[in-house]
Amino acid sequence: RREMAAKAEVRPRPLELDPIASRVELAFWEDLRRLKLDVLGTDDSPIPITGYYTPCTHPKMSGLLRLGRESLVPPSASSFGSRNSCPVPGTLINMNNMRGLQNLDVEYLLREEAKKILHDIMYGKIEEDPSLLLRFLVISFADLKNWKIYYSVAFPSLVFKSEMTLLSLHSASLVLSQEEAKSLSKSLKEWRSSNETAALPFFFVDISLDSSIAIRQLKDWKDCQDNGQKLLFGFYDHGCHQDPGWALRNYIVFLSLRLKIEKIQFLCYREKRSELDLEKSLIGEASFPPPHGWDYSDYVPEAIGWEGEKPGDGRKEKKLKEINLESMSPERRDEEQQLMHLKLMGWRHFPVDLKNLSGIRCLLLGAGTLGCEVSRLLMTWGVRKLTVVDGGHVSMPDVLKQSLYVDDDCGVPRATAIVPHLKERCPAVDVEAIQMEIPAPGNPVSPSVLDDCERLQTLVASSDVVFLLTDTWESRWFPTLLCANENKMAITAALGHDSYLVMRHGAGPGTRSGNMDDVIAQIQNLSTEDALGRQRLGCCFCNDTASLFNISYLLDLIGLQSISDETVALPGLTSIVSGKAVELFARMLHHPEGIHAPGDMAGMDTEHQLGLLPHQMRGSLPRCDLSTVISNSSNDCTACSNIVLSEYRREGLNFVMQAINQPTYLKDLTGISNLIKSDTCLKLPASFPVNSGKLSSARCLLLGAGTLGCDVARILMDYGVRTLTIVDSGCVVVSNLARQSLYTTKDRKTPKATAILEHLKERCSSVEVEGIQMEIPMPGHPVSSKEAAGVLKACERLQELVATHDAVFLLTDTRESRWLPTLLCANENKIAITAALGYDSYLAMRHGAGPGTNSEGSDMVAAMNKLSAEDVLGRQRLGCYFCNDVIAPVDSVSNRTLDQQCTVTRPGLASIASGHAADLFTRLLNHPDGIHAPGDIAGKSSERPSGLLPHQMRGSLSQYSLLTLVGYSSSSCIACSNAVLREYRSRGLDFVMQVINEPTYLEDLTGLTELMKSADYSRVEWVDEVDDEEFADM
């Protein structure tokens, strides 16, 4: 047979090769998702990976290059391989978004990888590591939000300008003698069984005159030269077809450039049952002229090799493969989606300690107005262990005020009702609910009070953080005492009518042991400092001067009202306070000194990435102020002073029962001489008259039903608004559940505009609410001729909606989506409220009124051409959201990273911004001048019962600042200037469509283009793109 094969005439033909295919395991993509989310963040630089190349082991099935979970491990740790898994180095380029992937210069990338192979050949690296000839490239985009992967694989192959010619090709069984075949099989079996050589895909076959065969490594080439023996250049061939495998092309380049050979005989090694398959293995001969100029250091060779593409296809866009990972581990996937916003915080801002957050046990005392909101926000922060204590039942007034409950919960204990509402938002949360009255001084002593005291002792001792959220001051006394005794973190949140207190309690006392027994020192020798030797911060009772015997009753007697009377708190206040309380907790948890951290004051510098960590925050809605306060532990505090703690440690619950039953006991013990020395607690001012008729008849249009939209809609109903229209184009996804307060797991994949209706109705059956699923037309999002009719219809619908409503809330998550509503509100002179979120800053503002007219000429002409710089009352118009912009809005989503697309914010921020936005609307509606009211600044006195009415409020969580600003309408504003309004009134939706397709037209129209040209660029640096996240820095 050997002689027949040798004599057979084979017509020379161009060498054709069988392309390699990849097999990427789902585990690889799962790990890439995790790596991107947890480690890489916005980094899209190339990543070294390892693939595993397999020779053909089945007569009808080609081998593949496999990527598995181990492929993402650094090559040095995973490069040992095995007989059927030869490790091959590769490069992964994972882009941040789909546009980035589509815009890659794929031919350039392929040539660059080919250049690496050429470099390895020229500098002798191939002899040491032959797998470098199989180098590969993967480009991808991991769509973390939708659990999809888009990718393409390339196997770079160097291309000679002149053709490689195949001279002959036969089955090995037809070429080798019986002795040679036997010897080759034996030698290759030894080669494939050795740990040192099994994973080397390229080798020499040295055939001696006596038909004995030795397999040699490429680095032994010099030993084989000029010995007169026959050589076959062997390689592991992945293919099972008639043509040699893809690896041969780079092998030939190596032999030509490095060994200066122009003709070779090659062996395509294929196996069957772990041995050489003589029938399927091929032996051939090929010739190739030497290439010219390839040894230049800057030479970039031509290359082919994208999987699924044939040379000469000429495709400009890469055909991508798509992998859907939604079916993988549904429970783990849902939990990851719920935590995604926290992981995205680490991409640019602060790495959240999710392990600590998920393991910490939070005890919430109170499941009412504050308890509902705080528990939900804690889950948003990643807390997964909650214990909720409450002794009350859900009543009808609770349903609007207490964000988790619905009509069906009326009459049900809060501790029972709250559990399913938390679980349906976060199935992974572990909630323990306990129906129990908290023992309090001055309250009637029930038969179970001693058991309740013991139970509360156990709960505080087994928890890491305690939130004091009850609605009476005295009910916080015993928990405060226990936290000081156990040195537990404690957060107090308390509400007045329109003012609030949020604070963290200081650490418990250290001990001065001296020569005392430790047990005695723990009772008798408490220090005025904490365990770190610092002066202790105070608790919520350190400035209180009553004996706490039913203090609510006592304060009523002397003409004061308690800060904690939640039933009369303004609706927006709860959201603001809850957001600040949870943010304070998260910041303390991430502080290296935890409970012992000193108190920061607003304006201080801090190196901590989460910003300042204050002791107390006190705020007032009517004064638009926020102050940070530090107070140290008081020697005569009725809850945390050393004398009280010593007595408690000595007498235990006997002391507690005595304090509960005897109104003057704590006063006598702590040395307070009078019932009340001074009152430093926030006082409850007389409530301002709210025009409930105006609120109930106001028709509010909410653009956006996401994080802000859910909170604002719920707060507006609590204020008394009964007509709502909500516009949103999205559907509820798992990642929404943690942040968007109204949605539950049953709403998944439901349009938000539909899902929100049921949740609002089940809280207030009398509300008239309409949901509209619609994309708001936006500048910078050009539309094709096919799409134009639909976009035009959406513009007309939005025109109609703005015209038929009294107030419009701009709550969308992109800047450009606010442009058309802003224009329409200015044109229709409608109230417009904007709430916008950054990472740790927020904006709540009201837009100014539309322009008046200089009434010369006909009304229609005046309305178009005679617009005034003032409003109809003759006042200078306040500005809109766009009045400080110097560029037109453009597409801010497509080419952005996921954390920018999702507008990653601190979890408590939306609640704070929503509370301010709803409160701002209510104050505006009750102002006698309405939309024409001038803007007030914090610190200014106001004769109105409702207090100040600012134009803009800009707040920062990291700095604990709240600024009130006034800005007037700009003559070059791209949304509300007279030039824009005049053009809109003249051309209507033709103008809008032009702006959508050509946003820079707005810059030309308003004079911004000329302004930019005339600017002194050596002195003025214009910002090309102003992110919502950065507005607070402006």
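Sequence order as written defines residue numbering, which begins from 1 separately in each chain. Only residues with pLDDT of at least 70 get local features here, since the model is predicted, and only at 80 or more are side-chain atom pairs given and counted; chain-wide, interface and lining totals rely on the full set of residues. The side-chain figures draw on all heavy atoms in the structure; neither hydrogens nor water molecules are used.

Caption draft 1: Spatial organisation of the sheet that holds strand S29 (residues 807-810). Taken together, the eight strands give an open sheet; going across it, the order is S28-S27-S26-S29-S30-S31-S32-S33, and neighbouring strands pair in mixed fashion. Edge positions in the sheet fall to strand S28 (768-773) and strand S33 (961-965), since each of these pairs with one other strand and no more. Taking the axes of each pair of neighbouring strands and ignoring which way they run, one obtains an average angle of 15° across the sheet. Pairing geometry for strand S26 (residues 699-703) and strand S27 (residues 723-728), over five bridges, is parallel. When the bridges of S27 are listed, Arg 699 appears paired with Thr 723. Pairing between two strands is assigned when DSSP locates at least 2 bridges connecting them. Counting from the N terminus, the helices are the DSSP runs of H or I reaching at least four residues and the strands are the DSSP runs of E reaching at least two. Structural elements are reduced to axes, namely lines fitted to C-alpha atoms, with helices fitted over the stretch in contact, and the angle between N-to-C directions of any two is expressed from 0 to 180 degrees.

Caption draft 2: Inspection of the packing of aromatic side chains at higher detail. When two rings of Phe, Tyr or Trp (its six-membered ring) have centres within 6.5 Å they constitute a pair, described as stacked for plane angles under 30 degrees, edge-to-face for angles over 60, and tilted for the intermediate range. The tally for this structure, following the rule as stated, stands at 19 aromatic pairs. For the ring pair Phe 203 and Tyr 236, a centre distance of 5.9 Å and an interplane angle of 55° mean the geometry is tilted. Of this pair, Phe 203 sits in strand S9 (residues 202-207) while Tyr 236 is found in strand S11 (residues 230-236), placing the two residues 33 residues apart along the sequence. No difference in accessibility class separates Phe 203 from Tyr 236, as the two residues are buried. Seen from their ring centres, Trp 473 and Phe 541 are 5.9 Å apart, and the 65° between their planes marks the pair as edge-to-face. One end of the pair, Trp 473, is in the loop between strand S21 (465-468) and helix H17 (477-486); the other, Phe 541, is in the loop between helix H18 (518-524) and helix H19 (551-557), and 68 residues separate them in sequence. Three or more aromatic residues link up through ring pairs in this structure, and these residues are Trp 191, Phe 203, Tyr 236 and Tyr 269. Lys 36 extends its terminal NZ or CZ atom over the ring of Trp 347, reaching a point 5.3 Å from the ring centre. We call a charge positioned over a ring when the NZ of a Lys or the CZ of an Arg lies within 6 Å of the ring centre and within 35 degrees of the ring normal. Sitting over the face of the ring of Tyr 881, Arg 818 holds its NZ or CZ atom 4.9 Å from the ring centroid. Note on exposure labels: buried denotes an accessible area under 20% of the residue type's maximum, exposed denotes more than 50%, and partly exposed covers the range between, all computed with a 1.4 Å probe on protein chains only.

Caption draft 3: Quick peek at the nonpolar core. In this structure, Tyr 251, Phe 585, Leu 724 and Phe 921 are the most contacted members of the largest nonpolar core, which totals 226 residues. A contact between two residues is defined here by any heavy atoms of the two lying within 4.5 Å. Residue contacts for Leu 724: discarding those within four places in its chain leaves Cys 700, Leu 702, Ala 713, Leu 716, Met 717, Leu 760, Val 767, Glu 768, Val 769 and Glu 770. The set of buried Ala, Val, Leu, Ile, Met, Phe, Trp, Tyr and Cys residues whose side-chain atoms join them within 4.5 Å is what this entry labels a nonpolar core.

Caption draft 4: Layout of the confidence of the model for the protein chain. Looking at the protein chain, pLDDT values average 86 and 88% of them are 70 or higher. Every residue carries a pLDDT, the predictor's confidence in it, which falls somewhere between 0 and 100. In the predicted structure, residues 1-9 sits below a pLDDT of 50 and forms eleven contacts with residues beyond four places in sequence or in another chain. Per-residue pLDDT stays below 50 along residues 546-567; that stretch engages in 61 contacts with residues further than four places along the chain or on separate chains.

Caption draft 5: A look at the side chain of Arg 587. Locating Arg 587 in the fold gives a position in helix H20 (residues 571-590). In this tally, Lys and Arg are treated as positive and Asp and Glu as negative; His is ignored, and so are the chain termini. Salt-bridge detection follows one rule: a side-chain nitrogen of Lys or Arg within 4 Å of a carboxyl oxygen of Asp or Glu. An unpaired buried charge is present at Arg 587: no salt bridge exists, and Glu 583, the closest side chain of opposite charge, is 4.4 Å distant. In this structure the side chain of Arg 587 is engaged in a polar contact, spanning 3.0 Å, whose partner is the backbone oxygen of Leu 957. Beyond its immediate sequence surroundings of up to four residues, Arg 587 is in contact with His 608, Leu 610, Gly 611, Leu 612, Leu 613, Arg 906, Leu 957, Ser 958 and Tyr 960. Think of a polar contact as two N or O atoms within 3.5 Å of one another; within protein, one of them needs to be a possible hydrogen donor and the other a possible acceptor, and neighboring residues in sequence only count if both atoms come from side chains.

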